Amino acid sequence: MKQRHIGDTEVSAIGLGGMPMSIEGRPDEERSVRTIHAALDAGITLIDTADAYHLHADEVGHNESLIARALASYGGDTSGVLVATKGGHLRPGDGSWTVDSSPAYLRAACEASLKRLGVEAIGLYQHHRPDPSVPYAESIGAVRDLVDAGKVRMAGISNATPEQIRQAREILGDRLVSVQNQYSPAFRSSEPELALSVELGLTFLPWSPLGGIAQAGELGSRFAPFAEVAAARGVSPQQVCLAWLLARSPLVIPIPGSSRPETIRDSAAAVDLTLDEGELAALDRA
Ligand SMILES: NC(=O)c1ccc[n+]([C@@H]2O[C@H](COP(=O)([O-])OP(=O)(O)OC[C@H]3O[C@@H](n4cnc5c(N)ncnc54)[C@H](OP(=O)(O)O)[C@@H]3O)[C@@H](O)[C@H]2O)c1
């Protein structure tokens, strides 16, 4: 498996997004564990999760607990796996997503994530989404304090504007290592955030890189050049999409979501697909 960096840590160039295993449409635990084990077998050492990846109000942290159990039951060495979680989003149980980025809430959320993951320090803790009712500097200041208290090893931000990326960098300094924003063939408006992350040496983690849970399967039919390159190379359009994202910069690490061993195996293989200039240009225009 090819490697890339998040801060000082080497991880697989493709990560596993945990969300489809814990929200609407999720599979049973047995299939989820097989999916996580398939990712580990394929050499994946980055797993993205969040305390808010759950369905019902009384199961906050469903995805974190699932990942902790799957790591514990894996036969091989998992010491090199970076579990990247997030705080600041909530799911009240009615299908909606709400936010709370008050420092007190983030401190409590981090403590709860530490317990669920069963670690002394969270490898990468990402501020999930700006909360309009809390000054951004206050939320990011709380994340800085969590790093300084040793609860978190590296900090990330998500759903941030270029201005917020600069502000977070100022507050967190070298503690800030990553930016996670939506980016896919269907959603390219995070282009400025991607460019700024690369300029600042921050790893960029495109979320919903295949267009999201509901539309990932139709990537080839919605964006013809991805299907054409896929047919010519004998691979899936999703694999072409991930190879296209990897080609954007050595600082890009896509985190495709998965709920089946087959899909994460196919996604992991994208690290070995090198697209040529002509193919990349056609995909850029798609
Ligand atoms: N920071 C944020 O605000 C935020 C928001 C959304 C998501 N995220 C993170 O980003 C991750 C990825 O986003 P996402 O899960 O929403 O969407 P996505 O990665 O664009 O799509 C996920 C779906 O793609 C399918 N898939 C994956 N690899 C495939 C392949 N090689 N061939 C065919 N289908 C494939 C999976 O199907 P199966 O289920 O059948 O395996 C899965 O349900 C999430 O899991 C989460 O960790 C973060």
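Structural notes, computed from the coordinates. As the structure is a computational prediction, the values presented were derived from the model and not from experiment.

Here the focus is empty space enclosed by the protein. Across all of its chains, the model carries one cavity of 30 Å³ or more by this definition. In this structure, the largest cavity spans a volume of roughly 40 Å³. Forming the boundary of the largest cavity are Pro-185, Ala-186, Leu-210, Gly-211, Gln-215, Leu-219, Arg-222 and Phe-223. Residue classes in the lining of the largest cavity are distributed as five nonpolar, two polar and one charged.

On to the side chain of Asn-159. Here Asn-159 lies in the loop between strand 9 (152-158) and helix 5 (162-172). Within the structure, Asn-159 has its side chain in polar contact with the backbone oxygen of His-128 (distance 2.8 Å). Other than its neighbours up to four places away in sequence, Asn-159 contacts His-128, Arg-129, Pro-130, Gln-164, Gln-180, Asn-181 and Trp-207.

So, about the nonpolar core. Counting residues in each nonpolar core, the largest one holds 70 residues, and the members touching the most others are Ile-36, Ile-157, Trp-244 and Leu-275. With seven residues, helix 9 (residues 237-246) is the largest single contributor of residues to this core. Sequence-distant contacts of Leu-275, that is, excluding residues within four places in its chain, are made with Val-229, Arg-233, Val-240, Ala-243, Trp-244, Leu-280 and Leu-283.

Taken together, 30 residues lie near the ligand, and Asp-48, Gly-257, Ser-259, Arg-260 and Thr-263 sit nearest. Between Tyr-53 and the ligand, the recorded distance is 3.3 Å, taken from a side-chain N or O atom to a nitrogen atom. With the chains in place, 91% of the 900 Å² that the ligand exposes on its own is no longer accessible. Its atoms largely coinciding with the cavity grid, the ligand occupies the largest pocket. A per-element tally of the shell around the ligand places helix 10 (residues 261-268) first, with three residues. Split by residue class, the shell around the ligand holds 10 nonpolar, 15 polar and five charged.

On to the sheet that holds strand 3 (residues 16-17), then. With parallel pairing, the seven strands of this open sheet are ordered in space as 3-4-5-8-9-10-11. Every other strand in the sheet has two partners, leaving strand 3 and strand 11 (203-207) as the edge strands with one partner each. Two strands pair when backbone bridges link them, and strand 9 and strand 10 (residues 176-182) are joined in this way by four bridges, in the parallel orientation. Bridged to Ala-155 within strand 10 is Leu-176. This element, helix 3 (residues 103-117), spans strand 5 (82-87), strand 8 (122-127) and strand 9 of the sheet and lies at about 145° to strand 8.

Here we come to the packing of helix 1 (residues 29-41) against helix 2 (residues 62-73). Remark: helix 1 packs on helix 2, axes separated minimally by 9 Å, with the N-to-C direction vectors making an angle of 60°. When the axes of helix 1 and helix 2 are compared, the pair comes out oblique. Seen along the crossing, helix 1 lies across helix 2 with a hand that is right-handed. Residues Glu-29, Ser-32, Val-33, Ile-36, His-37 and Leu-40 of helix 1 form the contact with helix 2, whose participating residues are Leu-66, Ile-67, Arg-69, Ala-70, Leu-71 and Ser-73. Of the residues contributing to the contact of helix 1 with helix 2, the split by class is seven nonpolar, three polar and two charged.

Here we come to helix 3. Taking 1.5 Å per residue as the helical rise, helix 3 with its 15 residues ought to reach 21 Å, and the 21 Å between its terminal C-alpha atoms agrees with that figure. For helix 3, the full list of buried residues reads Pro-103, Leu-106, Ala-109, Cys-110, Ser-113, Leu-114 and Leu-117. One side of helix 3 holds all its buried residues, which, seen down the axis, span an arc of 140°. Remark: Gly-118 follows helix 3 within two positions and exhibits a positive phi of approximately 65°.

Glancing now at helix 6 (residues 191-200). Among all positions in helix 6, only Glu-193, Leu-194, Leu-196, Ser-197 and Leu-200 are buried. The buried residues of helix 6 occupy an angular sector of 170° when projected down its axis, which confines them to one face. Buried residues belonging to helix 6 abut helix 5, strand 10 and strand 11. Phi turns positive one or two residues past the end of helix 6, at Gly-201, with a value near 75°.

Taking every second residue as pointing to the same face, the buried face of strand 1 (residues 3-6) carries Arg-4 and Ile-6, while none of Gln-3 and His-5 on the other face is buried. The pairing of strand 1 with strand 2 (residues 9-12) spans four bridges and is antiparallel. Residue pairing in the sheet places Arg-4 in a bridge with Val-11 of strand 2.

Here the focus is the packing of helix 3 against helix 4 (residues 136-148). Following both chains from N to C, one finds helix 3 and helix 4 inclined at 35°, their axes separated by 9 Å at the closest point. The crossing of helix 3 and helix 4 is right-handed. Across the interface between the two elements, Pro-103, Leu-106, Arg-107 and Cys-110 from helix 3 touch Glu-138, Ser-139, Ala-142, Val-143 and Leu-146 from helix 4. When the residues that make up the contact of helix 3 with helix 4 are grouped by side-chain class, the tally is six nonpolar, one polar and two charged.

Rules used throughout
Residues numbered from 1 in each chain as written. Predicted model: local features only at pLDDT ≥ 70, side-chain atom pairs only at ≥ 80, totals over all residues. Heavy atoms only, no water. 1 Å grid on protein atoms, 1.4 Å probe; cavity = no way out; pocket = protein on both sides within 12 Å on 5 of 7 lines; lining within 4 Å. Points joined across faces, edges and corners; volume = space filled by probe spheres on them. Nonpolar A, V, L, I, M, F, W, Y, C, P; charged D, E, K, R; others polar. Helix = DSSP H or I, 4+ residues; strand = E, 2+ residues; numbered from the N terminus. Polar contact = N/O pair within 3.5 Å; in protein donor to acceptor, adjacent residues only side chain to side chain. Contact = heavy atoms within 4.5 Å. Core = buried A, V, L, I, M, F, W, Y, C linked by side-chain atoms within 4.5 Å. Buried < 20%, exposed > 50% of the residue type's maximum accessible area, 1.4 Å probe, protein only. Near = heavy atom within 4 Å. Areas by Shrake-Rupley, 256 points an atom, 1.4 Å probe, with all protein chains shown as cover. Sits in = over half its atoms within 2 Å of the grid points. Pairing = 2+ DSSP bridges. Axes fitted to C-alpha atoms, helices over the stretch in contact; angles between N-to-C directions. Parallel < 35°, antiparallel > 145°, perpendicular 65-115°, else oblique. Left-handed = near helix turned anticlockwise from the far one by under 90°. Expected span 1.5 Å × (residues − 1). Arc of directions from axis to C-beta.

Treat this as a map of the structure, not an account of what it does.
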